[in-house]
Amino acid sequence: MDAVGIICEYNPLHKGHIYHIEETKKLFPDATLVLVLNGYFLERGEISILSKENKTKLALLYGVDLVVELPFIFGSQSADIFADASIKILKYLNVKHLVFGSESNNIELLKKVSNIQETKEYNDKVKKYLDKGINYPTALAKALEIKEDIFKPNDLLGISYIKAIKKNKCDIKPVTIKRTSDYHDTTSNNIIISASNIRNKLKLKEDISSYVPRKVNNLIENLSLNELFPFIKYKILTDNDLSRYLTVDEGIENRLKEKILEANNIEDFIKLVKTKRYTYNKITRMLIHILVGVPKEINKLANIDYIKILGFNKKGRNYLHNLKDTEVALVPIPNTLTYKYEMLAAEVYSLVSRNKIIVFEKSNKPLFFE
């Protein structure tokens, strides 16, 4: 039995995601559709406006066969780490294809760029631009020296997927679907708009019912990092060594301590701390890592120790039953760092969510969709 994979955050699940699911099933009608799902805190450091449990329910409702967890310690990091962990999970589940949205919809171009990025010459150029004070995303773009425009979020993440497939020697073929909306567009009112546009409309207290299914709309919590700002502020003020946390580098901890009392909310604080070297996304990730207490050495200590099954339908359950000789356990292992920080992230998220987050986490019982 073949399986095809998708990797998503669903913040929130919207009509573009449903299109992604439907197009993937058209391409691979007989395959089991496996979703690697990011949970409470996301790749760009955002807080999810849907709980992990509700995202799982919605994914199964709209056509996914098997939903598995992307652990917090990998899902809240940069694109390469996010992609590497996701691809390892798909490899362990014997998935043969990965389908992702792409602005260019040019898989050969993305493969070409991934090859360039793995050369010493490219990395030396990136370092040279960074030393000149150019921010990280711009340094990456300048070092490539290609004419084609692949500097859009989904294309860049797709390149990370391709690199991870090669690095982990996976028998996984990447396949693209043309992205139907612009991630950076936060104002349009098309039928399909980006998740960032939806979140922006929520922030402005605009009606989003035209852009997400009613069942999704009813489950959304209008959360932002601002709800966690008092906890972040307390942690920064009272912790004597912020440098021990993941992504807190190069003396930025002093700037955090200096600016925290000047800020009235999370947006103010990020603007005060932001520099050319420290982008908005890098700072938001950093604040989550400080709040949850993720140590700097986590990437040397933690790995994909297990795969947590979040939910399945009959097809997904049958796929698991027929899966032989998996390299990792298909149930959580409580004494691992992966599990420890998943629970800590859940506990932090539960401070501001109305859902029964800890009950869901501790049950370790996959959701079943008839």
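A few points on the structure. Computed from a predicted model, the values in this text were never measured in an experiment. For every chain, the first residue of the written sequence is number 1, and numbering continues from 1 onward in sequence order. Selection of residues for local features in this predicted model requires a pLDDT of at least 70, selection of side-chain atom pairs for listing and counting requires 80 or more, and totals for whole chains, interfaces and linings are taken over all residues. Processing note: side-chain calculations cover all non-hydrogen atoms of the structure and skip hydrogens and water entirely.

Only runs of H or I of at least four residues qualify as helices and only runs of E of at least two qualify as strands under DSSP, and these elements are numbered from the N terminus. Of the regular secondary structure elements, the protein chain holds 18 helices and 7 strands. Every radius of gyration here is taken over C-alpha atoms, with the globule rule written as 2.2 Å times N^0.38, N being the number of residues. The globule rule puts the C-alpha radius of gyration for 370 residues at 21 Å, and the 20 Å found for the protein chain is close to it. We call a residue buried when its accessible area falls under 20% of the maximum for its residue type, exposed when it is over 50%, and partly exposed in between, using a 1.4 Å probe and counting protein chains only. For the protein chain, the proportion of its 370 residues judged to be buried stands at 55%. In the protein chain, the share of contacts with a sequence separation of at least 24, taken over all contacts with a separation of at least 6, comes to 75%. Element-wise, carbon and sulfur atoms account for 50% of the exposed surface of the protein chain, whose accessible area totals about 16,800 Å². Asp and Glu are treated as the negative residues and Lys and Arg as the positive ones, with His and the ends of the chain left uncounted. Taken as the charge centre is NZ of Lys, CZ of Arg, CG of Asp or CD of Glu, depending on the residue. Each charge class in the protein chain can be summarised by its mean position, and for the 57 positive and 46 negative side chains these summaries are 0 Å apart. Contact between two residues is taken to exist if any of their heavy atoms lie within 4.5 Å; hydrogens are not considered. Method for areas: the Shrake-Rupley scheme with a 1.4 Å probe, in which residue coverage is limited to the protein chains shown.

Within the fold, T176 resides in strand 5 (residues 173-178). Pairing of N or O atoms within 3.5 Å defines a polar contact, subject to two protein rules: one partner must be a possible hydrogen donor and the other a possible acceptor, and residues neighboring in sequence count only if both atoms are side-chain atoms. Engagement of the side chain of T176 in a polar contact is seen with the side chain of N105, the distance being 2.7 Å. When near neighbours in sequence (up to four residues on either side) are disregarded, T176 contacts F100, S102, N105, N106, I107 and L110.

The next thing to look at is the sheet that holds strand 1 (residues 3-8). Here, any two strands with at least 2 DSSP bridges between them count as paired. An order of 5-4-1-2-3-6-7 is seen for the 7 strands of this open sheet, with the pairing classed as mixed. Lying at the two open borders of the sheet, with one neighbouring strand each, are strand 5 and strand 7 (367-369). This sheet shows a mean twist of 25° between the axes of neighbouring strands, independent of strand direction. Sheet topology places strand 1 next to strand 4 (residues 97-102); 2 bridges connect them, and they run parallel. Considered in strand 4, the bridge of G5 is made with L98. Axes here refer to lines fitted to C-alpha atoms; in helices the fit is confined to the stretch in contact. Angles between the N-to-C directions go from 0 to 180 degrees.

This brings us to the packing of aromatic side chains. The rule is short: rings of Phe, Tyr and Trp, with Trp giving its six-membered ring, pair when the centres are within 6.5 Å, and they are stacked under 30 degrees, edge-to-face over 60, tilted in between. Inspection of the entire model under this criterion finds 6 aromatic pairs. Centre to centre, the rings of Y40 and Y349 are 4.7 Å apart; their planes meet at 35°, and the pair counts as tilted. On the criterion of sequence distance, the pair formed by Y40 in the loop between strand 2 (32-38) and helix 2 (52-61) and Y349 in helix 17 (residues 337-350) is long-range, its members being 309 residues apart. Residue classification places Y40 among the buried residues on the basis of a relative accessible area of 3%.

A separate point is the side chain of E342. Relative to the assigned elements, E342 resides in helix 17. Here the side chain of E342 touches K52 through a polar contact of 2.8 Å, side chain to side chain. Beyond its immediate sequence surroundings of up to four residues, E342 is in contact with Y40, K52, E69, L70, P71, F72 and E361.

As a further point, take unusual backbone geometry. Across the junction of N11 and P12, the peptide omega takes the value 0°, indicating a cis bond. Turning to its location among the elements, P12 is positioned in the loop between strand 1 and helix 1 (15-27). Backbone geometry at E145 places phi at a positive 55°, although glycine is not the residue there. Inspection of the secondary structure puts E145 in the loop between helix 7 (136-144) and helix 8 (153-167). Positioned with a positive phi, T247 is a non-glycine residue whose angle comes to about 70°.

The next subject is the packing of helix 4 (residues 79-92) against helix 8. Running from N to C, helix 4 and helix 8 point in directions that differ by 50°, and their axes come no closer than 8 Å. In this view, helix 4 runs oblique relative to helix 8, as classed from their interaxial angle. Note on packing geometry: the crossing formed by helix 4 with helix 8 is right-handed. Contacts between helix 4 and helix 8 involve A79, D80, F82, A83, D84 and I87 on the former and, on the latter, L157, S160, Y161, K163, A164, I165 and K167. All amino acids are sorted into three groups, where Ala, Val, Leu, Ile, Met, Phe, Trp, Tyr, Cys and Pro are nonpolar, Asp, Glu, Lys and Arg are charged, and the leftover types, Gly among them, are polar. In terms of residue class, the contact of helix 4 with helix 8 is made up of 8 nonpolar, 1 polar and 4 charged. Throughout, the term roughly parallel applies to angles under 35 degrees, roughly antiparallel to angles over 145, roughly perpendicular to angles from 65 to 115, and oblique to all others. For any helix crossing, the convention is left-handed if the near helix is rotated counterclockwise from the far helix by under a right angle, and right-handed if that rotation is clockwise.

Here we come to the pairing of strand 6 (residues 309-313). Counting buried positions over the 5 residues of strand 6 gives 5, a clear majority of the element. Strand direction decides the pairing type here: strand 3 (residues 66-70) and strand 6, joined by 3 bridges, are antiparallel. By the bridge assignment, L66 is partnered in strand 6 with F312. Where strand 6 and strand 7 come together, 3 bridges link them in parallel fashion. Paired with G311 across the two strands is L367, which belongs to strand 7.

Right, let's get into the pattern of salt bridges. When a carboxyl oxygen of Asp or Glu is within 4 Å of a side-chain nitrogen of Lys or Arg, the pair counts as a salt bridge. One pass over the full model with this rule turns up 25 salt bridges. Between E361 and K52 there is a salt bridge, with the nearest N and O atoms lying 2.7 Å from each other. Placement of E361 in helix 18 (residues 357-363) and of K52 in helix 2 is noted, with a sequence separation of 309 residues between them. Residues E361 and K52 agree in their burial class; the two are buried.

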